[in-house]
Amino acid sequence: MQKNKLTLYIFIALILGVIVGYIYNANVINTYNNKVGAAETAIKIIDNKLVLLKDSTSANFKELKSQRIAQAKIRKVNDAIREDKVVYFTVLSDVFLRLIKMIVAPLVFTTLVVGVAKVGDIKAVGRIGGKTLLWFLSATLISLLLGMILINLFQPGREMHLMLPDSHLGSEIQKTSLSLKDFISHVFPKSFFESMSNNEILQIVVFALFFGVATAAIGEKGHIVVKAFDAIAHVILKITGYVMKLAPLAVFGAITAIVAKQGVGILSTYAIFIGEFYISLIILWLVIILAGFFVLKGRAFTLVNNIKDAMLIAFGTSTSEAAYPRVLIEMERFGCSNKIVSFVLPLGYSFNLDGSMMYMTFASLFLAQSYGIHLSIAQQLTMLLTLMLTSKGIAGVPRASLVVIAGTIAMFGIPEAGLALLIGIDPLLDMGRSATNVLGNAIATGVVSKWEGELSDGNPIPVEDLL
């Protein structure tokens, strides 16, 4: 499947997914959506009444608790039915994502070992790593700061006048907080095979760095390992070519399922927030591309054009991991050195999630605005730095952004219950975040390659011939 055709097919899949999802929602899912929505509204009303009752032994309190249990059961039953109704669409994306996960870990390991072994000098590895982390930290700060500035400019929380969950109630999102012990435990693997099976990219990177440096250190014997791993990497890239043929089907299934479940009602309710967030993402894209332009000059636009299908895959499947093999291939085709690509890209998937970073400040301050909580500039900057620290190393965690937000907002007096406002629209927002993460990592890889003098004029050979 030629590259331009793949992009076209993915785009067509996006459009068809929206159309089919809308029709399926209106004719099949809407009945269950209405029942789920009615149950959730009833639960909110009951919860607000329960908060006002001081005597938990009273008959009225017990009656309300019984009503809440009944409504929760209705919500659970209809939600399960709704999930069953879209399972035929979600299975398309699930198969694709499982195949991608099958590829990513061995691809990261083999390519990074080869790249580091070819660098050879541990000082060179440290130099490249230092430049990479400098770019990542700068991009993270800019993304968080831009999210903070734009949410204060747009003020969607004050304009939307949403019905708020009671501030005394909790949410179903599990909080996370980062301690030094947790961070170290997450970075350094206790078992390489466990890291591979769990797709812990950061841990695989750490082991691959040790393995690559040791391979280079043993000299002539290491050449055999490098040659073998290089061959294995090319085999995996060939498998990638086969898997990518399923990308349009995966995008169609994922988009159809999201639209079918959410419907257009949620778009009208949250139109301001969703619209302003995507405007913010476009501004972030311009900032990222402009930063790349200062280093790569006009080739920055060529790079964006090369990765557009990878961004579409990430957008359609709501995960940047799905685009990793494609981005790796495109970066080498763009002219980046294999050793740079193999080093920078895996690190980026743990430390350079630009779209997710912007969303964290954007969403956290949106909740503060919705509850009428004023945070000073100093408090907002403190939140920004807190999010920067707590977000590292959470790539691959389900609903990672919401998990980090849940662990941060309580520090600033923002009710955790407010997360209920975001849960329904999070899949729609995650699509844009994932595509932005791909763009940020691709630009970072190109920039570091240029800094290291490892950027050639590019490979005119079609992608399919490299697979």
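Here, the structure is the one placed above.
Read on for a plain summary of the structure. Just so it is clear, the model here is predicted, and its values are computed rather than measured. (Residues numbered from 1 in each chain as written. Predicted model: local features only at pLDDT ≥ 70, side-chain atom pairs only at ≥ 80, totals over all residues. Heavy atoms only, no water.)

This brings us to the overall build of the protein. When helices and strands are tallied, the protein shows 22 helices and zero strands. Looking at the protein as a whole, 52% of its 467 residues are labelled buried. Total accessible area on the protein stands at roughly 20,800 Å², and carbon and sulfur atoms take up 65% of it. (Helix = DSSP H or I, 4+ residues; strand = E, 2+ residues; numbered from the N terminus. Buried < 20%, exposed > 50% of the residue type's maximum accessible area, 1.4 Å probe, protein only. Areas by Shrake-Rupley, 256 points an atom, 1.4 Å probe, with all protein chains shown as cover.)

What follows is about the nonpolar core. Grouped together as the largest cluster of nonpolar side chains are 131 residues, with contacts concentrated most on Phe96, Met331, Tyr359 and Leu422. Looking at which element gives the most residues to this core, the answer is helix 3 (residues 87–119), with 15 residues. Dropping the residues within four chain positions of it, Phe96 is found in contact with Val243, Met244, Leu246, Ala247, Ala250, Ile313, Thr317 and Ala322. (Core = buried A, V, L, I, M, F, W, Y, C linked by side-chain atoms within 4.5 Å. Contact = heavy atoms within 4.5 Å.)

The next thing to look at is the pattern of salt bridges. Counted by the stated rule, this structure contains 10 salt bridges. Residue Glu83 is joined to Lys261 by a salt bridge in which the shortest nitrogen-to-oxygen separation is 2.6 Å. Taken together, the positions of Glu83 in helix 2 (residues 59–85) and Lys261 in helix 10 (residues 247–262) put the pair 178 residues apart, joining distant regions of the chain. Look at Glu83 and you get partly exposed, because its relative accessible area is 33%. For Lys261, a relative accessible area of 22% gives the class partly exposed. Connected through salt bridges with shared partners, the residues Asp309, Arg326, Glu330 and Arg333 form a single ionic network. (Salt bridge = Lys/Arg side-chain N within 4 Å of Asp/Glu carboxyl O.)

Turning our attention to the packing of aromatic side chains. For the coordinates displayed, the defined rule picks out 17 aromatic pairs. Here the aromatic rings of Phe277 and Phe362 are separated by 5.5 Å at their centres, their planes lie at 65°, and the arrangement is edge-to-face. With a gap of 85 residues between them, Phe277 in helix 12 (residues 271–296) and Phe362 in helix 17 (residues 354–370) connect regions that are remote in the sequence. Judged by relative accessible area, which is 0%, Phe277 ranks as buried. Clustering of aromatic rings is evident, with ring pairs tying together Phe109, Phe192, Phe193, Phe207, Phe211 and Phe229. Across the ring face of Phe334, the terminal group of Arg299 is positioned such that the distance to the ring centre comes to 4.2 Å. The side chain of Arg433 reaches across the aromatic face of Tyr359, ending 4.2 Å from its centre. (Phe/Tyr/Trp six-rings, centres within 6.5 Å; stacked < 30°, edge-to-face > 60°. Lys NZ or Arg CZ within 6 Å of the ring centre and 35° of its normal.)

A probe matching the size of a water molecule, rolled over the atoms, marks out where space remains unfilled. Summed over the entire model, instances satisfying the criterion amount to one cavity of 30 Å³ or more. Here the largest cavity is characterised by a volume of approximately 40 Å³. Forming the boundary of the largest cavity are Gly115, Val116, Val119, Val125, Ile128, Lys339 and Phe343. At the level of elements, helix 3, helix 4 (122–154) and helix 16 (338–351) are the ones that each hand at least two residues to the lining of the largest cavity. The element contributing the most residues to the lining of the largest cavity is helix 3, with three residues. (1 Å grid on protein atoms, 1.4 Å probe; cavity = no way out; pocket = protein on both sides within 12 Å on 5 of 7 lines; lining within 4 Å. Points joined across faces, edges and corners; volume = space filled by probe spheres on them.)

On the surface, Leu8, Tyr9, Phe11, Ile12, Ile15, Leu16, Ile19, Tyr22 and Ile23 cluster together into a nonpolar patch covering about 830 Å² of accessible area. If you trace the backbone, Ile23 turns up in helix 1 (residues 3–52). (Patch = residues over 30% accessible without salt bridge, like charges linked within 9 Å, V, L, I, M, F, W, Y side chains within 5 Å.)

Let us now look at helix 12. Here helix 12 spans 36 Å end to end across 26 residues, near enough to the 38 Å set by a 1.5 Å rise per residue. Among the residues of helix 12, Phe273, Ile274, Glu276, Phe277, Ser280, Leu281, Leu284, Ile288, Ile289, Gly292, Val295 and Leu296 are the ones counted as buried. One or two positions beyond helix 12, positive phi appears at Lys297, with a value near 60°. (Expected span 1.5 Å × (residues − 1).)

Further remarks concern the layout of surface pockets. Considered as a void within the structure, the second largest pocket measures approximately 280 Å³ in volume. What lines the second largest pocket is a set of 12 residues, and nearest its centre among them are Val187, Leu202, Val206, Leu347 and Phe351. Going through the elements one at a time, helix 4, helix 6 (180–187), helix 8 (201–217) and helix 16 are the ones with two or more residues in the lining of the second largest pocket. At four residues, helix 8 tops the list of elements feeding residues into the lining of the second largest pocket. Tallied by class, the residues present in the lining of the second largest pocket amount to 11 nonpolar, one polar and no charged. (Nonpolar A, V, L, I, M, F, W, Y, C, P; charged D, E, K, R; others polar.)

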